[in-house]
Amino acid sequence: MKLEKANIDSIPLIIQLLKDLYIELGEEEESVVYLNERLVKEILDSKQTEVYLAYDHNHEIAGLVTLTECQSFYAGGKYGLIDEMFIKPGFRSNNIGSQIITDVKHIAKEKGWTRIDVTAPTEERWKRTVAFYERCGFVFTGPKLKLVL
């Protein structure tokens, strides 16, 4: 597996992978509506969030991960947030997710982040996802709340 930083040429692929993720999560009405080339370009240009594409050994797209740099007092400064991580169904259970997390840890260390946070679904049907992150060293700290403006 190879993780490559996405660029503007990757926008259509990023949009499709994120749509697939949101539909699988059941967020099609709430989240898919935001996906368009302008927004993805704006986020990529901001340099605050980076998108990485995962390719298998045949250079076939296997998934993606998005990383946003945040900062807080409780984290001791800058830290990373995995906003989205998606492995295409045909590539799951092939250790690609673990390889992505390993690469993300290296990226985080290069950036001087003190930690990496991720929000995982808490419903029973997603317990394998939570178990995956725990196997990768993440510690469950509780659910995330949101206020839509």
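Caption draft 1: Main features of the nonpolar core. Among the nonpolar cores identified, the biggest contains 22 residues, and Val 65, Leu 67, Ile 82, Met 85, Ile 100 and Ile 101 are the most heavily contacted of them. Of all elements in the fold, only β2 (49-55), β3 (61-72), β4 (77-87), α4 (96-111) and α5 (127-135) reach the threshold of two or more residues within this core. With six residues, the top contributor of residues to this core is α4. Non-local contacts of Ile 101, meaning those with residues more than four positions away in its chain, are made with Ile 82, Met 85, Phe 132, Tyr 133, Cys 136 and Phe 138. Counting residues in each nonpolar core, the second largest holds 18 residues, with Ile 14, Leu 18, Tyr 55 and Phe 86 among its members.

Caption draft 2: View of the packing of helix α1 (residues 11-25) against helix α3 (residues 37-46). Closest axis-to-axis distance for the α1/α3 pair is 10 Å, and the angle between their directions is 105°. Classified by the angle their axes make, α1 and α3 are roughly perpendicular. Residues Ile 11, Ile 14 and Ile 15 of α1 pack against Glu 37, Val 40, Lys 41 and Leu 44 of α3. Here the contact of α1 with α3 is composed, by residue class, of five nonpolar, no polar and two charged.

Caption draft 3: Representation of α5 in the model. For α5, the complete set of buried residues consists of Val 130, Phe 132 and Tyr 133. Within α5, the buried residues cover an arc of 155° as seen down the axis, which keeps them to one side. Pointing more than 90 degrees away from the buried face of α5 are the exposed residues Lys 127, Arg 128 and Arg 135. Where the residues of α5 are buried, they touch β4, α4 and β5 (116-118). Remark: Gly 137 follows α5 within two positions and exhibits a positive phi of approximately 105°.

Caption draft 4: Region of interest: the pattern of salt bridges. Evaluated as defined, the whole model comprises nine salt bridges. A salt bridge links Arg 92 to Glu 24; the nearest nitrogen and oxygen atoms lie 2.7 Å apart. Linking Arg 92 in the loop between β4 and α4 with Glu 24 in helix α1, this pair joins segments that are 68 residues apart in sequence. Relative accessible area serves as the criterion here: at 32%, Arg 92 is assigned to the partly exposed category. Residue Glu 42 pairs with Arg 38 through a salt bridge whose shortest N-O separation is 3.0 Å. Here Glu 42 pairs with Arg 38, and both are found in helix α3, just four residues apart, close to one helical turn. Under the relative-accessibility criterion, Glu 42 is labelled partly exposed at 48%. Here the residues in one salt-bridge network are Lys 5, Glu 50 and Lys 111, joined through shared partners.

Criteria and thresholds
- Residues numbered from 1 in each chain as written.
- Predicted model: local features only at pLDDT ≥ 70, side-chain atom pairs only at ≥ 80, totals over all residues.
- Heavy atoms only, no water.
- Core = buried A, V, L, I, M, F, W, Y, C linked by side-chain atoms within 4.5 Å.
- Buried < 20%, exposed > 50% of the residue type's maximum accessible area, 1.4 Å probe, protein only.
- Helix = DSSP H or I, 4+ residues; strand = E, 2+ residues; numbered from the N terminus.
- Contact = heavy atoms within 4.5 Å.
- Axes fitted to C-alpha atoms, helices over the stretch in contact; angles between N-to-C directions.
- Parallel < 35°, antiparallel > 145°, perpendicular 65-115°, else oblique.
- Nonpolar A, V, L, I, M, F, W, Y, C, P; charged D, E, K, R; others polar.
- Arc of directions from axis to C-beta.
- Salt bridge = Lys/Arg side-chain N within 4 Å of Asp/Glu carboxyl O.

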